[in-house]
Amino acid sequence: MQWTVRLEARTSAGEVTTTELVTFSRPGVVSTLAEIGLMLAETKTLLAKLQASMLCGQVAAYAAHHRVCAACGVLQPLKDRRTRRLQTLFGTVEVEAPRFKVCRCRQPVPLAGVTVSPVGRLLTARCTPELERVQAELGARTSFRDGARILEALLPVSPANHESLRNRTHAVALRLEAAGRQAAAEVTAVRDDTAKAAAVDAGRPVVMLDGAYIRAVPGHQVRNFEAVCGKVEREGHPTRRFALVRSVAEQPHALLRAALQGQGWREGDAVTAISDGDPALPALVRSATAGPVEPILDWFHLSMRVHHVEQVMRGLCALEPPPLVLPDHAQIDVERLRSLLWNGHHEKACEALGRIASWAKDAVMPNEPAAEAKFRRLAARCAELRSYIETNEGALIDYGQRSRAGKPISTSRAEGTVNQLVNARMNKRRQMRWSPRGAHRVLQVRAAVLDGRFRQQAIQLAA
Ligand SMILES: [Zn+2]
């Protein structure tokens, strides 16, 4: 049996041309399941021929249309015939790109010989925007090699190599970043004081920030470099992720500012920033907003340090025989720490820590070596927590109250973003090493892909 696919093209003037694309053959009566229906290889050939036929027809019509002089309506003389190659999802197509001599009516004598190439003006890139978008999305979702293999397995696209995927991902990232800088520059300011007051708390955007380490390529000055990841949440707006490698981002604060702008934030509106105690993170938010920022120390990081103190204390209590000098008040102080900090009484927590530490230091001498080590560790953990509290004093709040109001108190959601953005694509287990620039660019596309804003934005970028 044979099947022939013919393409019928009809121009707007009603002219019809028919082109034979492909013929598929099969035994008259099949004997296996594998012989039934279209094969992938046949489909690729069919798509490639269909694409070439459509595309060449469109480009030829475009060239013919622009051959007519816009001023006098006469056909401009042909100078020469050239060809151009265009990469598409359905194969690379070679198209005719004729050059014409500029019409006499528009040609002053000294400019004789000036030519125009309309097709050259149409083909502004070497590939279609759709191919670029698909390659960049795959490059952001998976490794460049895997992405290239997926494309090659399913479509007649060429070239489907990993360099091409990487280049396209980088190119799209640069445009996303430029669009971000533009959005950041277009942020409007709140002028009206009543609007400002209304925005104070109700719909205040919350920025959650966290850092992630990425393995650097050999030869780089450091083994690992940091990417700042986070998300901006605001009631009534879809969550927006952002990520950047500070050393290579052209304007790191502009990327965050663009993310805020995407949430309807205006300059002058207050922003809440939750982070882990690294002072660089709220500083980034401050430079992005150039306005009021309410910093909050992530409850999870604070709670972990309380946990360390509790753990050593539990170890002391569990000693057999129990240390003679273990008084009730020290245990009570340790037990109160968590609730003091949860309820915003960090000064009382520091006093309690001071008492526990000084008691633990005094208790070191008369005890057994096993207990002695634990007493020393308890004093050290208390000192650590105390200095962490003092360093972050301005970012400590009444967590209980905020939590009861249903507002976020932790960057745990930002850590989820780190996993989605960085670990799933740049994870150490994948044995991938990155240049800061390469990682930064992939992160731009990946954040846009995960947010679901990539397709729409990519179309705008291509326009
Ligand atoms: Zn003319």
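That block above? That's the structure.
Quick caveat, the model's predicted, so the values are computed rather than measured.

K.L.:
Mind showing me how you'd approach the packing of aromatic side chains here?
P.N.:
Centre distance and the angle of the planes are the two values used to describe a pair of aromatic rings. Going through the model one piece at a time under the given rule, you end up with three aromatic pairs. Here W299 and W342 contribute two aromatic rings whose centre-to-centre distance is 5.0 Å and whose plane-to-plane angle is 70°, an arrangement assigned as edge-to-face. Here W299 is found in helix α9 (residues 299–317), whereas its partner W342 is found in helix α10 (residues 328–342), with 43 residues between them in sequence. Taking relative accessible area as the criterion, W342 reaches 26% and is therefore assigned partly exposed. The rings of W299, W342 and Y399 are connected pair by pair, giving a single aromatic cluster. Between the NZ or CZ atom of R305 and the centre of the ring of Y388, over which it lies, the distance is 3.8 Å. When the ring centre of F144 is taken as origin, the NZ or CZ atom of R425, which lies over that ring, is 5.0 Å away.

K.L.:
Is there a simple way to think about the pattern of salt bridges in this case?
P.N.:
When their charged atoms lie close together, side chains carrying opposite charge are able to pair. Throughout the structure, instances matching the rule amount to 22 salt bridges. One salt bridge connects E20 with R6, and the closest N-O pair in it is separated by 3.7 Å. Here E20, found in strand β2 (residues 16–25), pairs with R6, found in strand β1 (residues 2–10); they are 14 residues apart in sequence, far enough to count as distant. The class of R6 is exposed, set by a relative accessible area of 53%. Of the charged contacts, one joins R149 and D146 as a salt bridge, the two residues approaching to 2.9 Å between their closest N and O atoms. Remark: D146 and R149 occur in helix α4 (residues 144–154); sequence separation between them is three residues, near one turn of the helix.

K.L.:
Mind showing me how you'd approach the pairing of strand β11 (residues 271–275) here?
P.N.:
In the case of a regular strand, side chains alternate between the two sheet surfaces. Extensive coverage of β11 is indicated by the burial of five of its five residues. Two strands pair when backbone bridges link them, and strand β8 (residues 206–215) and β11 are joined in this way by three bridges, in the parallel orientation. Following the sheet pairing, V207 is matched in β11 by A273. The pairing of β11 with strand β12 (residues 293–297) spans five bridges and is parallel. Pairing of I274 across the sheet is with I296, part of β12.

K.L.:
I'm lost on a nonpolar patch on the surface in this one. Help?
P.N.:
On the surface, V30, L33 and I36 cluster together into a nonpolar patch covering about 310 Å² of accessible area. Inspection of the secondary structure puts L33 in the loop between β2 and α1 (40–67).

K.L.:
Honestly, α9 in this entry has me stumped. Any pointers?
P.N.:
Helical periodicity: at 3.6 residues per turn, an α-helix aligns residues three or four positions apart in one direction. Taking 1.5 Å per residue, 19 residues should reach 27 Å; α9 reaches 27 Å between its end C-alpha atoms and fits that length. Taken together, the buried positions of α9 are W299, H301, L302, S303, V306, V309, E310, V312, M313 and L316. Its side-chain oxygen placed 3.2 Å from the backbone nitrogen of F300, D298 serves as the N-cap of α9.

K.L.:
Can you help me understand the nonpolar core in this one?
P.N.:
Across soluble globular proteins, you tend to see nonpolar side chains buried next to one another. Of all hydrophobic cores here, the largest spans 40 residues; its most connected members are L302, L337, W359, L378, L385, I389 and Y399. Secondary-structure elements contributing two or more residues to this core are β8, β12, α9, α10, α11 (346–363) and α12 (369–391). Element by element, the count of residues in this core is highest for α11, at nine residues. Residues contacting L385, with those up to four places away along its chain left out, are L302, R305, V306, V309, L337 and L353. Of all hydrophobic cores here, the second largest spans 27 residues; its members include L131, L138, V442 and A447.

K.L.:
Please clarify how helix α8 (residues 280–289) should be interpreted in this entry.
P.N.:
All of the buried residues along α8 are L281, P282, L284, V285, A288 and T289. In a view along the axis of α8, the buried residues occupy a sector of 150°, so they form one face of it. Of the residues one or two after α8, A290 is the one with positive phi, at around 50°.

K.L.:
When you look at the sheet that holds β8 in this model, what are you seeing that I'm missing?
P.N.:
Remark on secondary structure: sheet strands pair via backbone hydrogen bonds, oriented parallel or antiparallel. Taken in spatial order, the five strands make up an open sheet running β10-β9-β8-β11-β12, and their pairing is mixed. Each edge of the sheet is formed by a strand with only one pairing partner; in this case those strands are β10 (240–244) and β12. Strand-to-strand, the axes of this sheet are offset by a mean angle of 25°, without reference to chain direction. Seen against the sheet, α8 touches β8, β9 (224–233), β11 and β12 and runs at an angle of roughly 125° to β8.

K.L.:
Help me understand the coordination of the zinc ion in this model?
P.N.:
Between any two of four tetrahedral donors, the ideal angle at the metal is 109.5 degrees; between two of six octahedral donors, it is 90 or 180 degrees. The zinc ion binds to the protein through C69 (SG), C72 (SG), C103 (SG) and C105 (SG); the donor distances cover 2.2 to 2.3 Å. Taken together, the four donor atoms coordinating the zinc ion and their angles of 104 to 118° define a geometry best described as tetrahedral. Motif for the zinc ion, donor spacing along one chain: C-x2-C-x30-C-x1-C. In this pair, C72 is assigned in the loop between α1 and β3 (78–80) and C105 in the loop between β6 (99–101) and β7 (115–116), connecting sequence segments 33 residues apart. Accessibility expressed as a relative area gives 38% for C72, which makes it partly exposed. Residue C105 is classed as partly exposed on the basis of its relative accessible area of 44%.

Conventions used here
- Residues numbered from 1 in each chain as written.
- Predicted model: local features only at pLDDT ≥ 70, side-chain atom pairs only at ≥ 80, totals over all residues.
- Heavy atoms only, no water.
- Phe/Tyr/Trp six-rings, centres within 6.5 Å; stacked < 30°, edge-to-face > 60°.
- Helix = DSSP H or I, 4+ residues; strand = E, 2+ residues; numbered from the N terminus.
- Buried < 20%, exposed > 50% of the residue type's maximum accessible area, 1.4 Å probe, protein only.
- Lys NZ or Arg CZ within 6 Å of the ring centre and 35° of its normal.
- Salt bridge = Lys/Arg side-chain N within 4 Å of Asp/Glu carboxyl O.
- Pairing = 2+ DSSP bridges.
- Patch = residues over 30% accessible without salt bridge, like charges linked within 9 Å, V, L, I, M, F, W, Y side chains within 5 Å.
- Areas by Shrake-Rupley, 256 points an atom, 1.4 Å probe, with all protein chains shown as cover.
- Expected span 1.5 Å × (residues − 1).
- Polar contact = N/O pair within 3.5 Å; in protein donor to acceptor, adjacent residues only side chain to side chain.
- Core = buried A, V, L, I, M, F, W, Y, C linked by side-chain atoms within 4.5 Å.
- Contact = heavy atoms within 4.5 Å.
- Arc of directions from axis to C-beta.
- Axes fitted to C-alpha atoms, helices over the stretch in contact; angles between N-to-C directions.
- Donors = N, O, S within 2.8 Å, 3.2 Å for Na, K, Ca; no water.
- Tetrahedral: all angles 85-135°; square planar, octahedral: opposite > 155°, others 65-115°.

These values are about where atoms sit, not about what they do.
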